[in-house]
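# Structural overview for review
Letter by letter, the chains look like this.
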Amino acid sequence: MVESAIKLQSTLMREYYKYFSKYARGAAPDKKVAWVTAFTPVEILETLGMYYYYPESYAAVIAASNKEQSFLEKSEQCNLSRDCCSYSCCLEGCLELEEGPRGIPPKPDILIATNNQCNTLPNWWNILAQRFNVPLIVIDYPGESADKQQAYKYVTEQHKDLIVRLENLTGNKFDINLLEKNIQNSTESVYWWNKVAQALTKKEIKPTAIFDYISYLITQRCNLGTIELYQALYEEMKELPDADKNLIPIFWLGYPLWYHPKRYLSEFLDDFRICGSNYITWWSLDYSGSNAFEKLFSAYNYTFLNLSQKNRTERLTKQIKDSEAFCSVTLHNKSCKCDFVSAKDINIPQAELEIDMIDRNFLSLEKTKKQIDLLKDTLCTQ
Amino acid sequence: MNILSLSGFIPEQICDTVRFTGYSGNISISHYCQYASDYISQVLYDNSVDGAVFPKSCDSTRIIKSYLGETDKFVYQLPVPARIDEYAIDYFANQIKSYKQAIEAHYGFEITDIADRIETINRRNKELKMLYENLEMISYYDYLQGIHKMLTKPLMEQSTPQVKEKKSDGKRVFLIGSFLTSENVLNVIENSGFKVVGDNLPESGRLANRKPCEIAGDIYINIAKNILSSRLSPTQNNFSEIIKDDINEIKSKKAQGVIFLTQKYCEAYDYLYSVYEKKLNSEGIKSIKISLTNSEGSKKFELALEAFADMI
């Protein structure tokens, strides 16, 4: 019998947060700890028996707990410019004040940053390295800016180097079969997640649930529990009523607003139904290849934000078409310059909003209302 | 051929490019480095420019191509490694080779003078180093203005700036930052009673301190090693090394303070500053951060500099 999604979800959360300071009661983690960026090849870390934590995701949790403002202020007092990515400002404030909704993540033994979503994260990881005085490994993913063969050689050398360095850190022996197994788990998580995410187009479901459920794909994608969770969710979502066709289908193009109770601007979208989102596909990584290193290269070198403008546009256009959206809320995120251009060449009616995914004070509600009203008017006249 | 280049990561050894030194453009993108926006403006709207080469090294440069997509000019993004080791050097060498091939294919000629250019660059940098070591005796404004003029010329026409002697007993400061397009800022600094005794700007301290590039062996590996192993940029993700090298120089030059000159929305330097400032504090060295809003400069910081002069 399939366990309920809620039960599976709480097991995963308990597991993930057990060494955060609020719950650990002084107990030190029983494995080596890495802090990683959201597109780190964690299958390697899992294979070498490590714990890994995601500062970006924790910043989102902080904002969802309505606590980000004091942390943003604190990091600014510590000379981190408010112009920097709010994930980093929020988390730096949390570390500086030594408080957070679930306490502080366990101290890292190593920091691993990748540049397959942006170049900001490796910079942020540099300041974490100064704070904790631990080694920093930056994995450089050229994306589509380099010839595929050269990029594969370079990325694979780095993956192999990472393995050696983590073997030395953990004292554990690397097992290629276990890596293959972990990659297979991630592949299955992606498979079931894609089925869950499609519910947004077809079923009567608010995006809040989808935006929140993706966190397991981000933080625990090679965990068997994540596969089970998404299987259970898929079964539950099959039972939901079909989407209300009287509402205007709209595509959410950008980050969820983590600080918002609903994660999207529900107060302005009464007449709309969010039928698709590109953010929820960012971790639908493509692990194709004939061996473990090819699979990791394919998944992590070609993340959405590491694609050329042309391929981003093609992918987005297809997603919007598949979602049957008439229009979009397009978010220009102050904290994510790389995503700023994603919708540049998308040709549907859009309400373009300047937002920040963490800082609730950044959004002008009055201006937002006007832009969404204008979008409605545009649709009515078409 | 008139290719506009952005950043010291673009290998001058391959062919002549005109270094971007500032432009009053119409393009302004919210939360985006104005220096990069001005570069985009010049590539798009300056008819004398027929090509653009820029790195993939920070978030702003990363998406330049998205804004240049529709131009029919030669547009090339050079991927610069975000780390420094043998794999990165080997990879960067291959990227430099691809860059050379792309230029040959677009402009229809064969590049055959790389070794000669390396020798010329080595000689020029050696002369720059001598000038840099003599900053005590000259006007920093004249010096940097001279370098900027020099970098806009073809390599074989470049000559080391001739800078008149100008002694000063101003307060000794060290400058940190990215390429400084706002030359008038330097006038303000000197007129506020400061004497710039050193810097880590890409076009000055970092260029002058670059070791000679070797010719024997794999020439692309040599160029890659030469560019990646010189004084580091924060985009190369080794803040510890940058801070260590700079503080050694700051101390050896007996600088009383440090002026951070950054472009607004240049995150690499914003992150660097947040840890650099703590380190300087622990060493008892005062610092000030000036955030410039566009590549042509701003007068807003004059008062801040006056206060800083009083402080040190």
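Residue indices begin from 1 for each chain and proceed along its sequence in written order. Starting at A for chains and at 1 for ligands, labels are handed out in the order in which the entities are written. Reporting in this predicted model follows two pLDDT cut-offs: at least 70 for local features of residues, and 80 or more for side-chain atom pairs to be given and counted; totals over whole chains, interfaces and linings ignore these cut-offs and use all residues. Side-chain descriptors were evaluated using all non-hydrogen atoms of the structure, hydrogens and water having been removed beforehand.

So, on to the pattern of salt bridges. We count a salt bridge whenever a side-chain nitrogen from Lys or Arg sits within 4 Å of a carboxyl oxygen from Asp or Glu. The tally for this structure, following the rule as stated, stands at 35 salt bridges over all chains. The closest approach of N and O atoms between K18 of chain A and E15 of chain A, which form a salt bridge, is 3.4 Å. Each residue is assigned to one of three classes by its accessible area relative to the maximum for its type, calculated with a 1.4 Å probe on protein chains only: buried under 20%, partly exposed between the two thresholds, exposed over 50%. For K18 of chain A, a relative accessible area of 31% translates into the label partly exposed. Looking at E15 of chain A, the relative accessible area reads 41%, which means it is partly exposed. With a closest N to O distance of 3.0 Å, D271 of chain A and K376 of chain A form a salt bridge. Of this pair, D271 of chain A sits in the loop between β5 (248-253) and β6 (272-277) while K376 of chain A sits in helix α16 (residues 365-381), placing them 105 residues apart in sequence. Given a relative accessible area of 39%, D271 of chain A falls into the partly exposed group. Each of the salt bridges in this network shares a partner with another, and the network as a whole consists of R231, D246, E249 and K253 of chain B. To qualify as a helix, a DSSP run of H or I must reach at least 4 residues; to qualify as a strand, a run of E must reach at least 2; elements of each kind are numbered from the N terminus.

This part covers the pairing of strand β6 (residues 194-199) of chain B. Residue and element names in this part refer to chain B. When you tally the buried positions in β6, you get 6 out of 6 residues, the bulk of the element. DSSP-based pairing: two strands are paired if at least 2 bridges between them are found. Inspection of the sheet shows strand β5 (residues 171-177) paired to β6 by 5 bridges, in the parallel sense. By the bridge assignment, K171 is partnered in β6 with F194. The definition of a right-handed crossover adopted here requires that, viewed with the strands pointing away, the path from the first strand over the helix to the second runs clockwise. Taken together, β5, helix α7 (residues 183-191) and β6 constitute a β-α-β crossover, and its handedness is right-handed.

What follows covers the interface of chain B and chain A. Here, two residues are considered to be in contact whenever any of their heavy atoms come within 4.5 Å of each other. Across the boundary between the two partners, chain B contributes 43 residues, which contact 47 residues of chain A. Defined here as a combined quantity, buried area equals the accessible surface (1.4 Å probe) lost by two parts on assembly, summed across both. Surface buried jointly by chain B and chain A totals about 3,800 Å² across both partners, of which 49% is contributed by carbon and sulfur atoms. It is R62, R83 and Y271 of chain B in chain B that bury the most area against chain A; as a group they hold 19% of the surface buried on that side. Between chain B and chain A we count 4 salt bridges in total. For D83 of chain A, the salt bridge goes to K264 of chain B, with nearest N and O atoms at 2.7 Å. The term polar contact refers here to a pair of N or O atoms within 3.5 Å; inside protein, the definition further demands a hydrogen-donor-capable atom paired with an acceptor-capable atom, and it admits residues adjacent in sequence only when both atoms are side-chain atoms. The interface formed by chain B and chain A includes 30 residue pairs in polar contact (both at pLDDT 80 or more). At the level of secondary structure, the elements contributing two or more residues to the side of chain B that touches chain A comprise α2 (59-62), α3 (64-68), β4 (74-79), α4 (86-107), α10 (239-252) and α11 (267-282) of chain B. With 9 residues, α11 of chain B is the single largest residue contributor to the side of chain B that touches chain A.

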